[in-house]
Amino acid sequence: MREVFPELTQDVIGRMQSVEPRLGEVMTLLIRHLHAFVRESAITHDEWRASIDFLTRTGQICSDSRQEFILLSDILGVSMLVDAINNEAGEGSTDSTVLGPFYAGPQRELANGESILLREEDGEPLVMRGRVANDHAAPIVGAKVEVWQTAPNQLYDVQDAEQPRGHLRATFRTDAHGKYEFKTVVPVSYPIPSDGPAGQLLEKLGRHPFRPAHVHFMISAPGYRTLVTHLFMSGDKYLHSDAVFGVKPSLIVKPKRDGAVQVVTFDFGLPASPP
């Protein structure tokens with residue numbers, strides 16, 4: 001790589017003054033790597049303008065219910081890398097994965113065993129149950145269990161004006177034994193939004209926009225590190241090509257039939273918060 005205009009990089013870094021140490025450290029790395037990328041790619045004026053236009057359109061399509069920058073981060077594998085750096089699962093702890101762009105904040109709190117549906121769906125009935133424990137297998141009482149998923153039409157409530165807000169979303173609390181349980185429908189695989197810049201980039205890269213069927217979980221309790229994860233349905237054809245790289249083998253579950261419903265039993269482990 002030809003070292004074009006190296007004094008510029010040092011000048012940009014050197015102009016930072018009275019900067020908070022972590023900001024200075026991160027910005028120094030960002031400037032060095034960004035300048036190195038520009039040099040190595042020998043990017044043209046037209047390509048740089050196209051890049052600026054791409055980022056501009058990414059921001060313009062963002063709204064209260066859609067975060068295109070998160071989607072872009074997801075499809076480039078950045079979200080999973082950040083997650084991996086910050087959430088290494090130890091013995092007895094459940095693997096984490098990406099939050100995704102469709103978390104809509106805390107939802108109505110239901111009693112264990114209730115349904116997260118706000119309207120009837122054609123999907124196959126599913127019961128999800130299990131236990132939340134610490135990394136020593138002791139139950140965590142009163143843990144907050146937030147769940148959300150798409151409807152059988154492959155859309156989240158925030159994407160679909162026909163769905164009631166809060167449909168297929170809810171909050172539960174673990175009982176005296178650390179147990180949770182709720183009723184839902186078997187999730188389906190679905191495409192991430194492909195009508196914006198992130199989807200257009202996927203198409204240019206020859207990649208599909210699909211995610212394998214899953215249910216999102218966010219589990220929190222005082223004194224413990226919050227767990228953001230999914231449970232993926234076994235047998236889904238997109239398990240090995242998830243558009244956002246979110247699948248981990250430990251998070252794949254196989255529902256078992258119990259009468260007229262399918263049942264998934266899964267125990268979560270939360271590590272203690274860092275001191």
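Since this is a predicted model, take the numbers as computed values, not measurements.

Student: How should I be thinking about the overall build of the chain in this particular structure?
Tutor: Looking only at helices and strands, one finds six helices and twelve strands in the chain. Dimensions along the principal axes, computed over C-alpha positions, put the chain at roughly 70 × 45 × 30 Å. Per-residue burial for the chain yields a buried fraction of 43% across its 275 residues. By sequence separation, contacts in the chain at least 24 residues apart represent 71% of the contacts at least 6 residues apart. Per element, the accessible surface of the chain, about 14,900 Å² overall, is 56% carbon and sulfur. Of the side chains in the chain, 27 bear a positive and 35 a negative charge, and the two mean positions are spaced by 1 Å.

Student: Hey, could you run me through the packing of aromatic side chains in this one?
Tutor: Aromatic ring pairs: the centre-centre distance and the angle between the two ring planes describe each pair. Evaluated as defined, the whole model comprises eleven aromatic pairs. Judged by centre distance (4.9 Å) and plane angle (45°), the ring pair of F217 and F268 falls under tilted. You can see F217 sitting in strand 7 (residues 214-220) and its partner F268 sitting in strand 12 (residues 268-270), a full 51 residues away along the chain. On the basis of relative accessible area, F217 is assigned to the buried category, the value being 0%. Pairwise contacts between aromatic rings join F172, Y180, F182, F217, F266 and F268 into one cluster.

Student: Mind showing me how you'd approach the nonpolar core here?
Tutor: Within soluble globular proteins, side chains that are nonpolar generally end up buried alongside one another. Counting residues in each nonpolar core, the largest one holds 34 residues, and the members touching the most others are V132, F182, F217, I219 and F268. Of all the secondary structure elements, the ones that give two or more residues to this core are strand 1 (125-134), strand 2 (144-148), strand 3 (169-173), strand 4 (179-185), strand 7, strand 8 (227-233) and strand 12. Sort the elements by how many residues they give to this core and strand 8 lands first, with four residues. Ignoring anything within four residues of it in the chain, the contact list for F217 reads M128, V145, E146, V147, W148, Y180, F182, L227, V228, T229, L231 and F268. Ranked by size, the runner-up nonpolar core spans eleven residues in total, among them L71, L72, L202 and A243.

Student: How should I be thinking about the sheet that holds strand 8 in this particular structure?
Tutor: Sheets are built from strands paired through backbone hydrogen bonds, the pairs being either parallel or antiparallel. The strand order across the open sheet built from five strands is 3-2-7-8-9, with neighbouring strands paired in mixed fashion. Single-partner strands in this sheet number two, and they are strand 3 and strand 9 (252-253). With six bridges joining them, strand 7 and strand 8 adopt antiparallel strand pairing. Along strand 8, the bridge assignment pairs M218 with V228.

Definitions and cut-offs
- Residues numbered from 1 in each chain as written.
- Predicted model: local features only at pLDDT ≥ 70, side-chain atom pairs only at ≥ 80, totals over all residues.
- Heavy atoms only, no water.
- Helix = DSSP H or I, 4+ residues; strand = E, 2+ residues; numbered from the N terminus.
- Buried < 20%, exposed > 50% of the residue type's maximum accessible area, 1.4 Å probe, protein only.
- Contact = heavy atoms within 4.5 Å.
- Areas by Shrake-Rupley, 256 points an atom, 1.4 Å probe, with all protein chains shown as cover.
- Lys, Arg positive; Asp, Glu negative; His and termini not counted.
- Charge placed at Lys NZ, Arg CZ, Asp CG, Glu CD.
- Phe/Tyr/Trp six-rings, centres within 6.5 Å; stacked < 30°, edge-to-face > 60°.
- Core = buried A, V, L, I, M, F, W, Y, C linked by side-chain atoms within 4.5 Å.
- Pairing = 2+ DSSP bridges.

Without other data, these values stay purely geometric and don't point to any function.
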